[in-house]
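Residue strings, one per chain:
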Amino acid sequence: YSCFGPETQKSPKLSIFLKDTLIQRIFRMTKNGKLADFMEAYRLLGKHGHYDVSIAGAIAEAYAEEVLGMEKAPAGTAGFDGFLNGRKLQVKGKSPRTTYALNRHYAAIRHENDGLADDLFVLMITPETNELIEFGPVPIEGLRGYSNQTQKRYYLHHIQQAMEQ
């Protein structure tokens, strides 16, 4: 259901009034709540550049820049997030709500982006302690992945095994 349906298109003034009223109501309801906090986080992400809109993804990209030394790729670059040591790096952030064995967590790359990055880096934010755990970067070529119809999944225990080799 939308309050901006065909009936409001007949009256532009009504449409603008409803839209402004709805925005004001949402702002009043949320200015001190959870949504306001999330919107502030979203605003802060935009303040520092073009980052993944998921908080975990944005944290992982910022970590790759500040800790690993990744140079961020231009906004909208398909298939990878930046460059590290002359190689294209795909960065994934994971923030599971519960802790499972590593063989239950994976980083997914959509088929249309497969082969565009050289290396994969995953940053996991643990649910209990918010500890940051690095997986990679590792070369994607030769990394065991499992495909479904839309993506290829790289399980964290395989990335960890590749790091140990």
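As a reminder, the structure under discussion sits directly above these lines.
Structural notes, computed from the coordinates. (Residues numbered from 1 in each chain as written. Predicted model: local features only at pLDDT ≥ 70, side-chain atom pairs only at ≥ 80, totals over all residues. Heavy atoms only, no water.)

Some points on the packing of aromatic side chains
And then number 1: One pass over the structure, following the stated rule, counts four aromatic pairs.
And then number 2: Seen in terms of ring centroids, Tyr63 and Phe121 are 6.1 Å apart; in terms of plane orientation they differ by 5 degrees. Their pairing is stacked. Remark: Phe121 occurs in strand β5 (residues 119–125) and Tyr63 occurs in helix α4 (residues 55–68); sequence separation between them is 58 residues. The burial state of Tyr63 is the same as that of Phe121; both residues are buried.
And then number 3: Where Tyr146 meets Tyr155, the ring centres are 5.8 Å apart and the plane angle is 70 degrees; that geometry is what we call edge-to-face.
And then number 4: We classify Tyr146 as partly exposed; its relative accessible area is 38%.
And then number 5: Joined through ring pairs, the aromatic side chains of Tyr106, Tyr146 and Tyr155 make up one cluster.
And then number 6: The cationic tip of Lys94 hangs over the ring face of Tyr106; the distance from NZ or CZ to the ring centre is 5.1 Å. (Phe/Tyr/Trp six-rings, centres within 6.5 Å; stacked < 30°, edge-to-face > 60°. Helix = DSSP H or I, 4+ residues; strand = E, 2+ residues; numbered from the N terminus. Buried < 20%, exposed > 50% of the residue type's maximum accessible area, 1.4 Å probe, protein only. Lys NZ or Arg CZ within 6 Å of the ring centre and 35° of its normal.)

Quick look at the sheet that holds strand β7 (residues 146–147)
And then number 1: Spatial strand order, β4-β8-β7: three strands in an open sheet with antiparallel pairing. Two strands lie at the open edges of the sheet, namely β4 (106–110) and β7, each paired on one side alone.
And then number 2: Pairing geometry for β4 and strand β8 (residues 151–155), over five bridges, is antiparallel. Along β8, the bridge assignment pairs Arg110 with Gln151.
And then number 3: Strands in contact with helix α5 (residues 156–164) are β4, β7 and β8; relative to β8, the strand with the most contacts, it is inclined by about 60 degrees. (Pairing = 2+ DSSP bridges. Contact = heavy atoms within 4.5 Å. Axes fitted to C-alpha atoms, helices over the stretch in contact; angles between N-to-C directions.)

Observations concerning α5
And then number 1: By the burial criterion, the buried members of α5 are Leu156, His158 and Ile159. Along the long axis of α5, the arc covered by the buried residues comes to 160 degrees, so they all point the same way.
And then number 2: Considering only its buried residues, α5 is in contact with β4, β5, β6 (132–139), β7 and β8. (Arc of directions from axis to C-beta.)

What to know about α4
And then number 1: Across its 14 residues, α4 extends 19 Å between first and last C-alpha, which sits within 8% of the 20 Å expected from 1.5 Å per residue.
And then number 2: Within the span of α4, buried status applies to Ala56, Gly57, Ala58, Ala60, Glu61, Tyr63 and Ala64.
And then number 3: Looking one or two residues past α4, Gly69 carries a phi angle of roughly 90 degrees, positive in sign. (Expected span 1.5 Å × (residues − 1).)

Limitation: the analysis is restricted to geometry and does not speak to function.
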